[in-house]
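The residues making up each chain are set out below.
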Amino acid sequence: SEPKSREFELGHSLGLGHSNSRDFGSEPLGGVGLSPKDIEYWDVFSTMGLSFSVGANYVLGHFAARQKAYLGWLSPSTGYQNIETSTTATIHPYSAQTADLKAVRVRRGAGIDEWLWLEYRQPTGSYDSTLATYSSSAYSGALIHHERPNDSATATFLLDFNPTATPNEFKNAPLTAGATWNDPYTNLT
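First, a word on scope: everything that follows refers to the structure included in this document. Remember, predicted model here, so these are calculated numbers, not experimental data.

Definitions and limits used
Residues numbered from 1 in each chain as written. Predicted model: local features only at pLDDT ≥ 70, side-chain atom pairs only at ≥ 80, totals over all residues. Heavy atoms only, no water. Salt bridge = Lys/Arg side-chain N within 4 Å of Asp/Glu carboxyl O. Helix = DSSP H or I, 4+ residues; strand = E, 2+ residues; numbered from the N terminus. Buried < 20%, exposed > 50% of the residue type's maximum accessible area, 1.4 Å probe, protein only. Pairing = 2+ DSSP bridges. Phe/Tyr/Trp six-rings, centres within 6.5 Å; stacked < 30°, edge-to-face > 60°. Lys NZ or Arg CZ within 6 Å of the ring centre and 35° of its normal. Core = buried A, V, L, I, M, F, W, Y, C linked by side-chain atoms within 4.5 Å.

We now examine the pattern of salt bridges. According to the stated counting rule, one finds 8 salt bridges in the structure shown. The salt bridge partner of Arg 107 is Glu 84, with a shortest N-O separation of 2.8 Å. A residue pair is termed long-range when its members are at least 10 positions apart, and Arg 107 in strand 6 (residues 103-107) and Glu 84 in the loop between strand 5 (80-83) and strand 6 qualify at 23 residues. Note that Arg 108 and Glu 114 form a salt bridge whose closest N and O atoms lie 2.8 Å from each other. Since its relative accessible area comes to 0%, Arg 108 is described here as buried. Of the residues examined, Glu 114 reaches a relative accessible area of 4% and is grouped as buried. Connected through salt bridges with shared partners, the residues Arg 22, Asp 38 and Asp 151 form a single ionic network.

Structure below.
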């Protein structure tokens, strides 16, 4: 079994579930309602995911945006924005000690009850600065988590926007800054 940090156990004490991954094979996100392969713990960018040590140091990351929203640490008025129409938003690094927008929750398409949570990490602070130990792409763009109606409100599901393995390793999951992704199954870009 993987060693778990005290932050991981604290997350459980606060009521959080695991930070998982959602693998759609060669695509970042499959068709609406498809059953992907969910891999428990395999969000390496969150303390509630694969919390492991390199030497004497744990690789940690902040709780994912959906988990912070569940805890009330981010709300639609203080930290994230729900987006359902064509919008431009600037999200600031998760670890910044400012009241700026930290995440967006984007509806997958008109009338579709699926959402994508986007957040942005940078190598600052005690948590997100450790992510480079595992992934050189941790700070390269947006981490994107998938939310479906039957998902637990306390668990998260990371998507891999650079799928290159089978199963995907999620080490290079961020959608690179400046890149565009068009959902082939909806009207979302």
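Back to the text.
On to the pairing of strand 6. For strand 6, a buried count of 4 out of 5 residues is recorded, marking the element as mostly surrounded by other parts of the structure. In the sheet, strand 5 pairs with strand 6 via 4 bridges, with the strands oriented parallel. Looking across to strand 6, one finds that Ile 83 is bridged to Val 106. With 5 bridges connecting them, strand 6 and strand 7 (residues 115-120) associate as antiparallel partners. Bridge pairing links Arg 105 to Trp 117 in strand 7.

Following the criterion strictly, the structure yields 4 aromatic pairs and no others. Aromatic side chains Phe 8 and Tyr 41 sit 6.2 Å apart centroid to centroid with 45° between the ring planes, which places their arrangement in the tilted category. Taken together, the residues span a long stretch of sequence, with Phe 8 in helix 1 (residues 6-13) and Tyr 41 in the loop between strand 2 (37-39) and strand 3 (52-54) at a distance of 33 residues. Measuring from ring centre to ring centre gives 5.2 Å for Phe 161 and Trp 181, while their planes differ by 90°; the resulting arrangement is edge-to-face. In this pair, Phe 161 sits in the loop between strand 9 (156-158) and strand 10 (175-176) while Trp 181 sits in the segment after strand 10, placing the two residues 20 residues apart along the sequence. A relative accessible area of 14% means that Trp 181 is categorised as buried. The side chain of Arg 22 reaches across the aromatic face of Phe 157, ending 3.9 Å from its centre. Above the face of the Trp 115 ring, Arg 105 is positioned so that its terminal group lies 3.8 Å from the ring centre.

If you look at the biggest cluster of nonpolar residues, it comprises 16 residues, and the most contacted ones within it are Val 104, Leu 116, Leu 118, Ile 144, Leu 159 and Trp 181. Listing elements by their share of this core, those giving two or more residues are strand 6, strand 7 and strand 8 (141-147).

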